[in-house]
Amino acid sequence: KAKMEGRGTCRSFEPGMDARLQERRQLEAELAVAVADNQFVLHYQPLHEAMTSKLTGFEALVRWNHPRLGLLAPSEFIHLSEETGVIDALGEWILRQACSDAAQWPLPVKVAVNLSPIQFKQQGLPLQVAAALAASSLMPSRLELEITESVLLAHNEHTIETLHSLRDLGVGIAMDDFGTGYSSLSYLRSFPFNRIKIDRSFVSLMCESSESRAIVKAVADLGSTLGMTTTAEGVETEDQYRLAKENGCTDVQGWLFGRPMPASELAAFFEAPHALTA
Ligand code: C2E
Ligand code: MG
Ligand code: MG
Ligand code: MG
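Every residue gets a number counted from 1 within its own chain, in the order that chain's sequence is written. Written order decides the labels, with chains lettered from A and ligands numbered from 1. Residue-level local features of this predicted model are given only where pLDDT is at least 70; pairs of side-chain atoms are given and counted only at 80 or more, and the full residue set underlies all totals for whole chains, interfaces and linings. The basis for the side-chain values is all heavy atoms of the structure; hydrogens and waters are excluded.

Trainee: Tell me what's going on with the overall build of the protein, and back it up with residues and numbers.
Mentor: Runs of H or I in DSSP of at least four residues are treated as helices and runs of E of at least two as strands, each being numbered from the N terminus. Of the regular secondary structure elements, the protein holds 13 helices and 10 strands. For a compact globule the rule gives 2.2 Å times the number of residues to the power 0.38, and the radius of gyration it is set against comes from C-alpha atoms. Relative to a compact globule of 278 residues, whose C-alpha radius of gyration would be 19 Å, the protein shows 20 Å and is just as compact. Counting only C-alpha atoms, the protein reaches 65 × 45 × 40 Å along its principal axes. The 278 residues of the protein split such that 45% are buried. Note on contacts: a residue pair is in contact if any heavy atoms of the two residues lie within 4.5 Å. Excluding contacts between residues fewer than 6 apart, the proportion of contacts in the protein whose partners are at least 24 apart in sequence is 66%. Burial here depends on accessible area, computed with a 1.4 Å probe over protein chains only, as a share of the maximum for the residue type. Under 20% is buried, over 50% is exposed, and the range in between is partly exposed.

Structure, rendered in C-alpha cells:
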C-alpha cells in the first residue's frame with residue numbers, strides 16, 4: 001500500500017522519470033524470458049584481409065528480435081542484460097549458435113564472438129567455450145573471442161588465467177575497440193593477444209586527420225612487432241581502405257565490405273569471397 005502511494009506521488013511530480021522506469025522494468029521482464037523464447041538472432045559481418053580483400057571470416061553480432069519493439073541493436077539491451085545477469089545465458093547461447101553456424105559454412109573461415117566483461121567473472125568460461133566447440137565440432141582455430149579493455153581494467157590473476165585457459169583451447173583472442181579504454185599499452189604487455197582491432201573512431205578520421213593516421217600506423221606497427229594482426233574497424237570508404245592498407249593494417253572490416261546480415265544472406269560472400277560488395 002505504502003509503495004503504491006509512493007509511486008503515485010512520484011508519477012505526479014516526474015511523469016517522464018516514471019515512464020522510463022516502467023519501460024525499463026518491462027524490458028527487464030521481457031529480457032528474462034527472451035533467451036528461453038529464442039528471441040535473439042546473430043547477424044554476421046564479413047572480415048577481410050587488407051592486401052588481397054580475401055574473406056577471412058565473420059563477426060557475430062547479436063540482435064534481439066523483440067516481439068513488441070522489433071529488431072533491437074546490442075546497445076539497447078547488452079548493458080541491461082549485464083546488470084540483470086541475463087548475459088550468462090545469452091552469452092552461452094551466442095557462443096553455441098555462432099560455433100554451430102560457422103561449422104556449417106562452406107569455407108573454413110573464422111567466426112569472431114564478442115565476450116562481455118561479465119562473462120569473464122564466471123569461473124566456467126573456458127569450459128563453456130570448450131563445450132560450444134565440442135557440440136559443433138568447430139575447429140578451435142576457427143573461433144576468435146573479442147574482448148574489450150574493460151575486461152582487463154580490473155585485471156587480476158583470474159582474468160589472465162582465464163585468457164590463458166582460452167588460448168590453451170586453441171582459440172584466438174582479439175583486443176576489440178583498441179584505443180578507447182585506458183592505459184592500453186600495458187594491456188598488450190600483460191597478455192599475448194592474436195589481434196588488435198583498431199577502433200572505428202580512429203579509422204573514420206584517417207582521411208582528414210594526420211594524427212589519426214599516425215595513431216593507426218603506430219598501433220599497426222606495434223601489432224606487427226608483437227606478432228599480432230591488426231584489423232581496421234568501421235571502414236566505410238575506399239579512401240579509408242587505402243589508408244588502412246598504407247598504414248599497415250593487416251585486416252579490414254566495415255560497411256565498404258559488408259554490413260552485418262542474417263546468416264541466410266552469407267552465401268553470396270562464400271561464392272565470391274574475393275569480391276567487394278560496395
Ligand atoms: P563491436 O564488437 O566493436 O562491433 C562492431 C560494431 O560496429 C557493430 O555494431 C557493427 O555493426 C558496427 N560497424 C561495423 N562496420 C561499421 C561501419 O563501417 N560503420 C559504422 N558506423 N559501424 C560499423 P553493433 O552490431 O551495433 O554492435 C555494437 C557493439 O555491441 C559491438 O561492438 C559489441 O561491443 C557489442 N556486441 C555486439 N554483439 C555482441 C555479442 O554477441 N555479445 C556481446 N557481449 N556484445 C556484443
Ligand atoms: Mg567486436
Ligand atoms: Mg569492435
Ligand atoms: Mg567498436
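Having put the structure on the table, let's press on.
Trainee: Explain the coordination of the magnesium ion (ligand 2) to me, and be specific about the residues and the numbers.
Mentor: Each metal site is built from N, O and S donor atoms within 2.8 Å (3.2 Å for Na, K and Ca), and since water is not included, such sites may look incomplete. Protein ligation of the magnesium ion (ligand 2) involves E59 (OE), N114 (OD1), E146 (OE) and D176 (OD), the donor distances falling in the range 2.0 to 2.2 Å. Donor residues for the magnesium ion (ligand 2), ordered by position in the chain, follow E-x54-N-x31-E-x29-D. A gap of 3.6 Å separates the magnesium ion (ligand 2) and the magnesium ion (ligand 3), which D176 links by coordinating each metal. You can see E59 sitting in strand β2 (residues 55-66) and its partner N114 sitting in strand β4 (residues 110-114), a full 55 residues away along the chain.

Trainee: An account of the packing of helix α6 (residues 125-136) against helix α8 (residues 157-168) is needed here, citing residue identities and associated values.
Mentor: To get an axis, a line is fitted to the C-alpha atoms, and for a helix only the part in contact is used. The angle between two axes follows their N-to-C directions and goes from 0 to 180 degrees. Packing of α6 against α8 brings their axes to within 9 Å, and their N-to-C directions diverge by 20 degrees. As far as their axial angle goes, α8 and α6 are roughly parallel. Pair α6 / α8 crosses with right-handed handedness. Within the contact between the two elements, α6 uses L125, P126 and V129 and α8 uses T162, S165 and L166. Classes in brief: Ala, Val, Leu, Ile, Met, Phe, Trp, Tyr, Cys and Pro nonpolar; Asp, Glu, Lys and Arg charged; the others, Gly included, polar. In terms of residue class, the contact of α6 with α8 is made up of four nonpolar, two polar and no charged. Roughly parallel means an angle under 35 degrees; roughly antiparallel means over 145; roughly perpendicular covers 65 to 115; every other angle is labelled oblique. Helix crossings get a hand from a simple test, with the near helix turned counterclockwise from the far one by less than a right angle marking a left-handed crossing and a clockwise turn marking a right-handed one.

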